[in-house]
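One-letter residues, chain by chain:
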Amino acid sequence: MSRRRRILRLAGLGTAALLATAACSGAGGDGSPDPGSRTTPQTGSESGPTTPHSSVPTHSAPSSSGPTTTSTPPVPPVSITIVMNGDLLLHDTLWESAHLDAQRTGRGAMDFRPLLGDLRPLVRSADLAICHLETPLAPPGGPYSSYPVFSVPPEIVPAIKWAGYDACTTVSNHSLDAGFDGIVRTLRDFDRAGLEHAGTVTTKRSSRRPLLLDVQGVKVALVAATYGTNGIPLPADEPWSVPIIDVNKIEAMAHRAREEGADIVLVGLHWGDEYVHEPSSYQVDIAEQLSRDKDISLIYGEHAHVVQPITKVNGTWVVYGLGNAAAAQSTDVEGVYDGLAVRVTFSGVPRGRITVSGLEYVPTMITQFDGAHPARVLDVPRALHEPRYASIRPQMLATQARVRADVNLLGALEHGVTEGE
């Protein structure tokens with residue numbers, strides 16, 4: 001059962017500002033309507049288709065034999081779950097599928113909610129859910145474009161929100177497909193929907209600050225970057241708008257996040273070789289460097305469009321590739337319709353040490369739009385028990401087996417990674 005989440009964007013106050021604030025305050029699947037509301041916070045070729053713990057009150061007891069003593073109750077330990085998915089890569093056949101769904105649901109010209117509906121219980125069960133929108137958004141009504149230069153229908157945004165995602169990374173090799181205007185448009189639509197975002201930015205000041213969220217009293221930072229932009233030059237006037245993977249810059253952002261109170265720092269990277277399950281030497285090298293930085297809690301990535309392994313590097317969990325969340329690629333490569341959701345449990349004491357205490361992978365599968373039957377993204381372990389998907393049970397079992405093998409390429413299962421639902 002999903003639970004309501006309390007997620008707030010933090011203003012990125014520095015330590016001095018936080019202390020001043022404390023002193024001034026005196027503080028020590030079916031496309032159906034959303035039944036409840038929540039407060040939310042704020043990359044090659046893709047062919048074809050609680051309460052904050054900073055305000056703990058002190059208690060004093062009178063004493064007849066001496067001065068009053070003051071004690072502060074210890075901060076209790078906490079545990080939160082974070083779910084992340086791979087690429088939302090919207091090819092034109094997915095727009096056609098959403099158009100067919102809209103004719104049934106009556107929601108505008110395109111309705112992407114049914115596409116993501118089967119993921120909704122998984123997404124909404126987490127304390128924080130993060131997606132990755134790989135493609136920039138077009139203006140309402142278009143014009144739209146698919147591979148190789150994307151500009152996609154903005155109707156995907158309300159579907160992302162409805163499915164239960166709280167934030168998305170937006171930086172990829174396609175970030176500049178619609179120019180700087182595409183970045184501005186995409187982030188504006190996210191802001192209007194109440195969806196937080198990390199990666200591409202519209203101001204130089206924003207490029208220097210990590211996204212910082214309060215999740216059930218735990219402060220979570222999200223830093224994102226891409227390996228490149230398909231050869232499109234960075235805008236001359238806004239070179240900071242698309243963060244390119246740079247170890248020193250990522251470490252600086254992680255350090256700043258910790259200075260601003262982050263208990264957890266997630267690094268999302270758009271990297272790797274397309275259609276290759278094994279991590280590239282570039283991925284391995286970047287992971288080796290970043291995993292030595294103790295400010296970083298977990299590294300995860302997307303872009304390969306197939307599932308890549310999960311492992312530990314220098315004691316830090318690295319999820320090399322989440323595969324496709326939703327895409328419609330025209331290729332004979334096996335695995336592009338497989339995907340991965342990762343559910344990570346973090347436990348510890350806020351302002352102390354919060355680390356990964358559990359990691360589950362959930363195989364997902366994209367059903368292909370055939371002109372009559374709209375595409376769906378399935379939570380495979382859950383869908384295997386549903387009679388309506390009995391006809392594609394063999395395909396789901398094949399996806400489940402492939403994903404398990406891909407996840408375990410570097411021995412994840414021996415390190416305690418398990419399959420979830």
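Okay, so let's go over this structure. (Residues numbered from 1 in each chain as written. Predicted model: local features only at pLDDT ≥ 70, side-chain atom pairs only at ≥ 80, totals over all residues. Heavy atoms only, no water.)

**Focus: the overall build of the protein**
Scanning the protein from N- to C-terminus turns up eleven helices and 18 strands. Of the accessible surface of the protein, which amounts to about 17,000 Å², a share of 54% is contributed by carbon and sulfur atoms. (Helix = DSSP H or I, 4+ residues; strand = E, 2+ residues; numbered from the N terminus. Areas by Shrake-Rupley, 256 points an atom, 1.4 Å probe, with all protein chains shown as cover.)

**Things to note about the nonpolar core**
Within the largest apolar cluster, 43 residues are counted, with the highest numbers of intra-cluster contacts made by Leu88, Phe112, Leu115, Ile160, Tyr165 and Phe190. Here this core gets six residues from one element, more than from any other, and that element is helix α5 (residues 156-163). What Phe190 contacts, discounting residues up to four positions off in sequence, is Leu133, Leu137, Val157, Ile160, Cys168, Thr170, Leu195, Glu196 and His197. Counting residues in hydrophobic clusters, the runner-up holds 35 residues, among them Ile7, Leu298, Tyr300 and Val342. (Core = buried A, V, L, I, M, F, W, Y, C linked by side-chain atoms within 4.5 Å. Buried < 20%, exposed > 50% of the residue type's maximum accessible area, 1.4 Å probe, protein only. Contact = heavy atoms within 4.5 Å.)

**Let's talk about the pattern of salt bridges**
Under the counting rule described, the total for this entry stands at 14 salt bridges. Close ionic contact of Glu334 with Arg402 constitutes a salt bridge, the shortest N to O distance being 3.6 Å. Here Arg402 lies in helix α11 (residues 393-407) and Glu334 lies in the loop between β14 (324-326) and β15 (338-348), a separation of 68 residues in the sequence. Arg402 gets classed as partly exposed once you look at its relative accessible area, which sits at 25%. Across the pair Asp379 and Arg382 runs a salt bridge, and its minimum N-O distance is 3.8 Å. (Salt bridge = Lys/Arg side-chain N within 4 Å of Asp/Glu carboxyl O.)

**Structural notes on the packing of α5 against helix α6 (residues 179-193)**
Running from amino to carboxyl end, α5 crosses α6 at an angle of 40 degrees, the nearest separation of the two axes being 10 Å. It follows that α5 is oblique to α6 by the angle criterion. You can see that α5 and α6 cross each other, and the crossing is right-handed. Residues Val157, Ile160 and Lys161 of α5 form the contact with α6, whose participating residues are Asp189, Phe190 and Ala193. Here the contact of α5 with α6 is composed, by residue class, of four nonpolar, no polar and two charged. (Axes fitted to C-alpha atoms, helices over the stretch in contact; angles between N-to-C directions. Parallel < 35°, antiparallel > 145°, perpendicular 65-115°, else oblique. Left-handed = near helix turned anticlockwise from the far one by under 90°. Nonpolar A, V, L, I, M, F, W, Y, C, P; charged D, E, K, R; others polar.)

**Digging into the state of the cysteines**
What makes a disulfide is a covalent bond joining the sulfur atoms belonging to two cysteines. In the structure shown here, the tally under the stated rule is one disulfide. Each disulfide pairs two cysteine sulfurs, and for Cys131 the partner residue is Cys168, the sulfurs being separated by 1.9 Å. Judged by the torsion about the S-S bond (95 degrees), the Cys131/Cys168 disulfide is right-handed. Of this pair, Cys131 sits in strand β5 (residues 128-133) while Cys168 sits in strand β6 (residues 167-169), and the two are 37 residues apart along the sequence. Residue Cys131 is classed as buried on the basis of its relative accessible area of 2%. Looking at Cys168, the relative accessible area reads 0%, which means it is buried. (Disulfide = S-S within 2.5 Å.)

**Examining α6**
In an α-helix, one turn spans 3.6 residues; hence positions three or four apart end up facing the same way. In this model α6 runs 22 Å from its N-terminal to its C-terminal C-alpha over 15 residues, within 8% of the 21 Å that 1.5 Å per residue would give. Of all the positions in α6, only Phe180, Gly182, Ile183, Arg185, Thr186, Leu187, Asp189 and Phe190 are classed as buried. Buried residues belonging to α6 abut β5, α5, β6 and β7 (196-198). Phi turns positive one or two residues past the end of α6, at Gly194, with a value near 75 degrees. (Expected span 1.5 Å × (residues − 1).)

**Some details on the packing of helix α8 (residues 247-259) against helix α9 (residues 281-290)**
Between α8 and α9, the shortest axis-to-axis distance is 10 Å and the interhelical angle comes to 35 degrees. Of the two elements, α8 crosses α9, and the hand of that crossing is right-handed. Each of Val247, Ile250 and Glu251 in α8 lies in contact with α9, whose residues at this interface are Ile286, Gln289 and Leu290. Among the residues forming the contact of α8 with α9, the class breakdown is four nonpolar, one polar and one charged.

**What about α11?**
End to end, α11 covers 21 Å across 15 residues, agreeing with the expected 21 Å (1.5 Å per residue, within 8%). Within α11, burial applies to Met396, Thr399, Gln400, Val403, Asp406 and Val407. Looking down the long axis of α11, one finds its buried residues gathered within 135 degrees of arc, a one-sided arrangement. Elements in contact with the buried residues of α11: β12 (310-313), β15, β16 (354-367), β17 (376-379), α10 (380-383) and β18 (418-419). (Arc of directions from axis to C-beta.)

**So, the sheet that holds β12**
Across the sheet, seven strands lie side by side as β1-β8-β9-β10-β11-β13-β12; this open sheet has mixed pairing. Each of the sheet's edge strands pairs with one partner strand only, and the pair in question is β1 (7-9) and β12. In this sheet, adjacent strand axes meet at a mean angle of 25 degrees when their direction is disregarded. Running over the sheet, α8 touches β9 (218-226) and β10 (264-270) and is turned about 155 degrees from β10. (Pairing = 2+ DSSP bridges.)

**Quick look at the packing of aromatic side chains**
What the rule picks out here adds up to three aromatic pairs. Arranged with centres 5.6 Å apart and planes meeting at 65 degrees, the rings of Trp95 and Tyr144 form a pair that is edge-to-face. Taken together, the residues Trp95 in helix α2 (residues 92-105) and Tyr144 in the loop between β5 and α5 connect sequence positions 49 residues apart. When the centroid spacing of 6.2 Å and the interplanar angle of 90 degrees are considered together, the rings of Phe180 and Trp240 count as edge-to-face. Taken together, the residues Phe180 in helix α6 and Trp240 in the loop between β9 and α8 connect sequence positions 60 residues apart. (Phe/Tyr/Trp six-rings, centres within 6.5 Å; stacked < 30°, edge-to-face > 60°.)

Taken by themselves, the reported measurements are silent on function.
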